[in-house]
Amino acid sequence: MRVDFSSKKRQEMIHTMGNKEYDLFIIGGGITGAGIALDAAARGLSVALIDMQDFAAGTSSRSTKLVHGGLRYLKNFEIGLVAEVGKEREIVYENGPHVTSPEWMLLPIYKGGTFGKFATSVGLRAYDFLAGVKKHERRKMLTTKETLQKEPLLNQEGLLGGGYYVEYKTDDARLTIEVLKEAVAFGACAISYARVSRLLYDNGKVIGGEVKDLLHADHTFQVKAKKTINATGPWVDSIREMDQSKKGKVLRLTKGVHLVIDQAHFPLKQAVYFDTSDGRMVFAIPRDGKAYVGTTDTFFNKDTSNPYMTDEDREYIIRAINGMFPNVHITAEEIESSWAGVRPLIYEEGKDPSEISRKDEVWHAESGLMTIAGGKLTGYRKMAETVVDQAIKDLDQDYPRSNTKKLPISGGHVGGSKGFEDFIKEANNDALNEGLTKQQARYLVRLFGSNVTTALDLKKALKNEDRFGLPDELFLALHYAMNYEMVVKPEDFFIRRSGLLYFNLRLVEQWKEGVIECMAHTLRWTPDQKENYAHGLMKHIHQAMTPMKE
Ligand SMILES: Cc1cc2nc3c(=O)[nH]c(=O)nc-3n(C[C@H](O)[C@H](O)[C@H](O)COP(=O)(O)OP(=O)(O)OC[C@H]3O[C@@H](n4cnc5c(N)ncnc54)[C@H](O)[C@@H]3O)c2cc1C
């Protein structure tokens, strides 16, 4: 479905949003807000959504990028959480197989490690059972030899065997934008780079918010709605402060860092979930010719909008890599890129960061403000269903039940996992017929799923446009992102729509000038805007590569 979600229409959308009363006003365009917008819009509610940054620029582009049940939570006996998010994995996959796919995970078992052979076997069996895992994806127990065949780089000392089980890998930022685009297709109105600066009240009840357009600093507008939902992840307490309803439970933020290394230095074949020397667990995951490893988990009280990697974070992860993969000898030199994110966890007194539960909760303030706190990327759909179920109780109309369990997200209209392989073949052929190379076709079909037809139409429409030296697939992906994914700044494209700033910095260096020129021309930037946005991109490149001092 073609959705009008173009950054060229931003002003028009702001005008519409400021002149209408909505059923729901959602503050926050991470996965939580996007999920709520889709659930509500698909049930027929009118929805306005605002984010002060790009969509997914908060935690939802900074995760481990796994749709997973949280095996490690079994250790804390969080059975309900594992069962619920475990089941959601397959739903997320079926509704968008172009952005989420199964990934076999290896859990090596060591003498004296966190999980022994028996505990791993029972734990993974319980995981399969709780998450309702399909027969061919149920866990296998491996001998030492089989474990080393899967990943020869593993430390062999004390290795007893391995557990082998399925998780799902995703692109968190693309998952968020695809969910949001589907919400927009159902009529939701969503605007980025606009901050809620205060809430509006009538007789003590919240009736919306005043919003500052951060791209035009002197412009504010009001959004009116019957129900306002605070889906601001790590920022939920700041919105509760605006509402003077921050009492009882509060958030405690922890930071997690990931490092990216080229396969030339770390030729990891297999995703591995392993113990660190301090008893935590870390993922190492191959992706697009790189391996990424993380995460750290430390309390965080700095600027929530700009978490960064420090020397200590980098050292911690490098130590973990060299402990588990002793022959790779990774040093700081080999770290190509990194990202840091903050987890919005619900405070539990006396607990260490890794012990705090990842469960979500909905909080209702006397003003009517609803806050969704905690949670995981994986559970976004179920969380959204719960929030909308509760929100519509306060609206004076009946709405149907949630239908998102079987609702493809944007790009996911491919007939589920069963239809996906056939879809890929057909779409690849279409792309080849449009003159793209095999490699370009594969890239675009995987990136856009069923929206690739829109991208191919765009290719025809752009036939005579200046390409600014950009290769076909990047030129097309960029124009698609400006026309259909509300890309405003170069960093939106390089970090969150294409993932290149994390997983292919070389390409970013090579094509950044062309992308900036192309965006400046298409979006009619002033010289000041161009300079600011180019500077912003350079800052992000620097930060991904360089540890910062605390
Ligand atoms: C290191 C790390 C690894 C993780 N790994 C996984 C994983 O592998 N799998 C998994 O399922 N989960 C994982 N998580 C958890 C998951 O990423 C988060 O639970 C999820 O992304 C939170 O989404 P959110 O939408 O609630 O918050 P966010 O994505 O942070 O969105 C909140 C948004 O609100 C906006 N906002 C804030 N204040 C305002 C305002 N005043 N006006 C307008 N907008 C505002 C922000 O700009 C932001 O975009 C991980 C988290 C971290 C930190």
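In this text, all values refer to a predicted model and were calculated from it rather than measured experimentally.

1. Observations concerning the overall build of the protein
- Looking only at helices and strands, one finds 17 helices and 18 strands in the protein.
- The globule rule puts the C-alpha radius of gyration for 550 residues at 24 Å, and the 23 Å found for the protein is close to it.
- In terms of overall dimensions, the protein has a C-alpha envelope of 65 × 55 × 50 Å along the principal axes.
- A burial count over the protein gives 61% of its 550 residues as buried.
- In the protein, the share of contacts with a sequence separation of at least 24, taken over all contacts with a separation of at least 6, comes to 73%.
- Carbon and sulfur atoms make up 49% of the accessible area of the protein, which totals about 22700 Å².
- Averaging the locations of the 74 positively and 74 negatively charged side chains of the protein gives two centres separated by 4 Å.

2. As for the side chain of Thr-371
- Assignment of secondary structure puts Thr-371 in strand 18 (residues 370-374).
- For Thr-371, a relative accessible area of 3% translates into the label buried.
- Looking at Thr-371, its side chain comes within polar contact range of the side chain of Asn-230, at 3.1 Å.
- Contacts of Thr-371, omitting those with residues within four sequence positions, involve Asn-230, Val-236, Arg-240, Glu-361, Val-362 and Trp-363.

3. Observations regarding the packing of helix 12 (residues 452-461) against helix 13 (residues 472-484)
- Contact geometry for helix 12 and helix 13: axes closest at 10 Å, N-to-C directions at 105°. One finds that helix 12 runs roughly perpendicular with respect to helix 13. On the side of helix 12, the interface is formed by Thr-454, Ala-455, Leu-458 and Lys-459, while helix 13 contributes Leu-476, His-479, Tyr-480, Asn-483 and Tyr-484.
- Among the residues making up the contact of helix 12 with helix 13, the classes are represented as 5 nonpolar, 3 polar and 1 charged.

4. Overview of the pairing of strand 4 (residues 100-110)
- Among the 11 residues that make up strand 4, 8 are buried, leaving the element largely enclosed by the rest of the structure.
- Judged from the 11 bridges that link them, strand 4 and strand 6 (residues 159-170) form a sheet pairing that is antiparallel. Residue pairing across strands places Pro-108 opposite Gly-162, the latter belonging to strand 6.
- With 2 bridges connecting them, strand 4 and strand 12 (residues 271-275) associate as parallel partners. Across the sheet, residue Met-105 finds its bridge partner in strand 12, namely Ala-271.

5. Some remarks on helix 4 (residues 117-131)
- The terminal C-alpha atoms of helix 4 lie 21 Å apart, and with 15 residues this matches the ideal 21 Å at 1.5 Å per residue to within 8%.
- Within helix 4, the full set of buried residues consists of Thr-120, Ser-121, Gly-123, Leu-124, Tyr-127, Asp-128, Leu-130 and Ala-131.
- Against helix 3 (79-95), strand 4, strand 5 (140-142) and strand 6 lie the buried residues of helix 4.
- Just downstream of helix 4, Gly-132 is the residue with a positive phi angle, here 60°.

6. Examining the site of the ligand
- In the vicinity of the ligand lie 37 residues, with Thr-32, Asp-51, Ser-60, Leu-66 and Thr-378 positioned nearest.
- In this structure, Asp-51 approaches the ligand through a side-chain N or O atom, which is 2.6 Å from an oxygen atom.
- The separation between an oxygen atom of the ligand and a polar main-chain atom of Leu-377 is 3.1 Å.
- Class assignment of the residues belonging to the shell around the ligand gives a composition of 13 nonpolar, 18 polar and 6 charged.

7. Some points on the pairing of strand 18
- Judged by how many residues are buried, strand 18 sits mostly within the fold: 5 of 5 residues are covered.
- For strand 10 (residues 220-230) and strand 18, the ladder comprises 2 bridges, and the chain directions are parallel. Residue Ile-229 lies in a different strand from strand 18, and its bridge partner there is Met-370.
- Hairpin connection, strand 17 (residues 360-364) to strand 18: the antiparallel pair is bridged by 5 residues, and Gly-368 has positive phi, about 100°.

8. Some details on a negative patch on the surface
- A cluster of acidic residues, Glu-421, Asp-422, Glu-426 and Asp-430, forms a negative patch on the protein surface.
- Relative to the assigned elements, Glu-426 resides in helix 10 (residues 416-433).

9. Quick look at the environment of His-413
- Mapped onto the secondary structure, His-413 falls in the loop between helix 9 (380-391) and helix 10.
- Separated by 318 residues in sequence, His-413 and Asn-95 place their C-alpha atoms 7.8 Å apart.
- Sequence-distant contacts of His-413, that is, excluding residues within four places in its chain, are made with Glu-182, Pro-408 and Ser-450.
- Looking at His-413, its side chain comes within polar contact range of the side chain of Glu-182, at 3.4 Å.

10. Quick word on the packing of helix 14 (residues 490-497) against helix 17 (residues 527-545)
- Relative to each other, helix 14 and helix 17 sit at 30°, their axes nearing to 8 Å. Every residue of helix 17 that contacts helix 14 at Pro-490, Glu-491, Phe-494 and Ile-495 is listed here: Tyr-533, Gly-536, Leu-537 and His-540.
- Broken down by class, the residue content of the contact of helix 14 with helix 17 amounts to 5 nonpolar, 2 polar and 1 charged.

11. Observations concerning the pattern of salt bridges
- Under the definition given, this model contains 34 salt bridges.
- Linking Lys-255 and Asp-313 is a salt bridge whose minimum nitrogen-to-oxygen distance equals 2.6 Å. Of this pair, Lys-255 sits in strand 11 (residues 251-262) while Asp-313 sits in helix 8 (residues 311-324), and the two are 58 residues apart along the sequence.
- For Lys-255, a relative accessible area of 3% corresponds to the buried category.
- Salt bridges sharing common partners tie together Asp-54, Asp-492, Arg-496 and Arg-497.

12. Comments concerning the packing of aromatic side chains
- Applying the stated criterion across every chain yields a total of 16 aromatic pairs.
- Between Tyr-127 and Tyr-165, the ring centres sit 5.9 Å apart and the planes meet at 80°, which makes this aromatic pair edge-to-face. Linking Tyr-127 in helix 4 with Tyr-165 in strand 6, this pair joins segments that are 38 residues apart in sequence.
- Using a relative accessible area of 1% as the deciding quantity, one classes Tyr-127 as buried.
- Classification of Tyr-165 by relative accessible area gives buried; the value is 1%.
- Following the ring pairs from residue to residue traces out a cluster consisting of Tyr-292, Trp-339, Tyr-502 and Phe-503.
- Seen from the ring of Phe-299, Arg-252 lies directly overhead, with NZ or CZ sitting 3.7 Å from the centre.

The rules behind these values
- Position labels on residues start from 1 in each chain and follow its written sequence.
- The model is predicted, so local features are restricted to residues of pLDDT at least 70 and side-chain atom pairs to those at 80 or more, both for listing and for counting; the totals for chains, interfaces and linings are taken over all residues.
- Computation of side-chain values covers all heavy atoms of the structure but excludes hydrogens and water.
- A run of DSSP states H or I qualifies as a helix once it reaches four residues; a run of E qualifies as a strand once it reaches two. Both are numbered from the N-terminal end.
- Throughout, the radius of gyration refers to the C-alpha atoms, and the reference size of a globule is 2.2 Å times the residue count to the power 0.38.
- Any residue under 20% of the maximum accessible area for its type is buried, any over 50% is exposed, and the rest in between are partly exposed; the area is computed with a 1.4 Å probe on protein chains only.
- Every residue pair with non-hydrogen atoms within 4.5 Å of one another is taken to be in contact.
- Note that accessible areas follow from Shrake-Rupley with a 1.4 Å probe, and for residues the cover is restricted to the protein chains shown.
- Neither His nor the chain termini are counted; the positive set is Lys and Arg, and the negative set is Asp and Glu.
- All charge positions are set by atom: Lys at NZ, Arg at CZ, Asp at CG, Glu at CD.
- Whenever a nitrogen or oxygen atom comes within 3.5 Å of another N or O atom, the pair is scored as a polar contact, on the condition that within protein one atom can donate a hydrogen and the other can accept it, and that pairs from neighbouring residues in sequence are kept only if both atoms are in side chains.
- In this description, a line fitted to the C-alpha atoms serves as the axis of each element, helices being fitted only across the stretch in contact, and the angle between N-to-C directions of two axes falls anywhere from 0 to 180 degrees.
- An angle counts as roughly parallel when it lies under 35 degrees, as roughly antiparallel when it exceeds 145, as roughly perpendicular when it falls between 65 and 115, and as oblique in every other case.
- By the convention adopted, Pro, Cys, Tyr, Trp, Phe, Met, Ile, Leu, Val and Ala count as nonpolar, Lys, Arg, Asp and Glu as charged, and the other residues, Gly among them, as polar.
- Pairing between two strands requires that DSSP report at least two bridges joining them.
- Helices are assigned an expected span. That span is 1.5 Å times one less than the residue count.
- Consider each residue's heavy atoms; a residue with any of them within 4 Å of a molecule or strand counts as near.
- Patches were defined on residues exceeding 30% relative accessible area and lacking a salt bridge, with like-charge contacts within 9 Å and nonpolar side-chain contacts (Val, Leu, Ile, Met, Phe, Trp, Tyr) within 5 Å.
- One side-chain nitrogen of Lys or Arg within 4 Å of one carboxyl oxygen of Asp or Glu is enough to make a salt bridge.
- Note on aromatic contacts: the rings of Phe and Tyr and the six-membered ring of Trp form a pair at centre separations within 6.5 Å, being stacked when their planes are under 30 degrees apart, edge-to-face when over 60 apart, and tilted otherwise.
- Only lysine NZ and arginine CZ atoms are considered, and such an atom sits over a ring when it is within 6 Å of the ring centre and within 35 degrees of the ring normal.

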